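Each chain, written out:
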Amino acid sequence: MRKTSDRAGLVEFSSRCGNTCRYCGLTGAIKSTALPAGLDELLGSVADIYRAGLRSVVLQSGEDGLAPEWLAEIIQYIKRNYEMAVTLSVGERSPEDYLLWKNAGADRYLLRIESSDAFLYESLHSGRRVETRIRCLEDLRRLGYQTGSGMMVGVKNQNIIHIAKDIFFSPILILT
Ligand code: SF4
């Protein structure tokens, strides 16, 4: 069994999102009404996680256009006040934002590729392209983040070839 200190606590600080991924569990109604957690609430959750003995926190949100400087200040605050690894899961952003957060102290980033097949990817994410996703993953790796990715299995129109391509995709990304 893993030690408590090896496990991570998750703070989902905003369910607002401008995207419309077909598989998303958040309904349009929730997306339009849910407010991001206030700063006190967010930092209170981080403190609770630390008090529970966990030494890793994941900060997660939908892609809601959050101000990069706001998140950078939160990362800096956590790194100054707690001995914790900080993982981000806030979606596709510019290389400049990823760099800002890395310099603020972020250690890891979670960004699933979902599907490496361009047609399947675009059928699941209206108006979005897999090339952007790959660019984000490459930026994260280049900036030194420990980057977590992953694929989805069982989505509509997925076949065995898609799954095989996804299995081979991650090692190719790591080795290139
Ligand atoms: S980016 Fe995430 S939160 Fe936003 S619609 Fe897609 S799966 Fe849902």
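Thresholds applied
Residues numbered from 1 in each chain as written. Predicted model: local features only at pLDDT ≥ 70, side-chain atom pairs only at ≥ 80, totals over all residues. Heavy atoms only, no water. Core = buried A, V, L, I, M, F, W, Y, C linked by side-chain atoms within 4.5 Å. Buried < 20%, exposed > 50% of the residue type's maximum accessible area, 1.4 Å probe, protein only. Helix = DSSP H or I, 4+ residues; strand = E, 2+ residues; numbered from the N terminus. Contact = heavy atoms within 4.5 Å. Pairing = 2+ DSSP bridges. Axes fitted to C-alpha atoms, helices over the stretch in contact; angles between N-to-C directions. Expected span 1.5 Å × (residues − 1). Arc of directions from axis to C-beta.

**Q** Give me the lowdown on the nonpolar core, citing residues and values where you can.
**A** Of all hydrophobic cores here, the largest spans 36 residues; its most connected members are Leu59, Leu88 and Trp101. For this core, the secondary structure elements donating two or more residues are β1 (9-14), α2 (39-51), β2 (56-61), α3 (68-81), β3 (85-89), α4 (95-104) and α6 (130-142). Not counting the four nearest positions on each side in its chain, leucine 59 is found in contact with Val11, Phe13, Leu42, Val46, Leu71, Ile74, Ile78, Val86, Thr87, Leu88, Ser89 and Val90.

**Q** Run through the sheet that holds β2, naming residues and quoting values.
**A** Taken in spatial order, the 5 strands line up as β1-β2-β3-β4-β5 in an open sheet, and their pairing is parallel. Both outer strands of the open sheet, β1 and β5 (146-148), are each paired with one neighbouring strand and no more. Each strand of the sheet is rotated relative to its neighbour by a mean of 20 degrees, with strand direction disregarded. As paired strands, strand β4 (residues 108-110) and β5 are joined by 3 bridges and run parallel to one another. Residue pairing for β5: tyrosine 109 is matched across the bridge by threonine 147. Packing of α3 onto the sheet brings it into contact with β1, β2 and β3, and relative to β3 it is tilted by some 160 degrees.

**Q** With reference to specific residues and values, describe α2.
**A** Each full turn of the α-helix corresponds to 3.6 residues, which orients residues three or four apart in the same direction. Helix length check: α2, at 13 residues, gives a terminal C-alpha distance of 18 Å against a target of 18 Å (1.5 Å per residue), a fit within 8%. All of the buried residues along α2 are Leu42, Leu43, Val46, Ala47 and Ile49. Taken down its axis, α2 places every buried residue within 160 degrees of arc, on the same side. Exposed residues lying more than 90 degrees from the buried face of α2 are Asp40, Glu41 and Arg51. On the buried face of α2, the contacting elements are β1, β2 and α3. A positive phi of about 95 degrees marks glycine 53, the residue just after α2.

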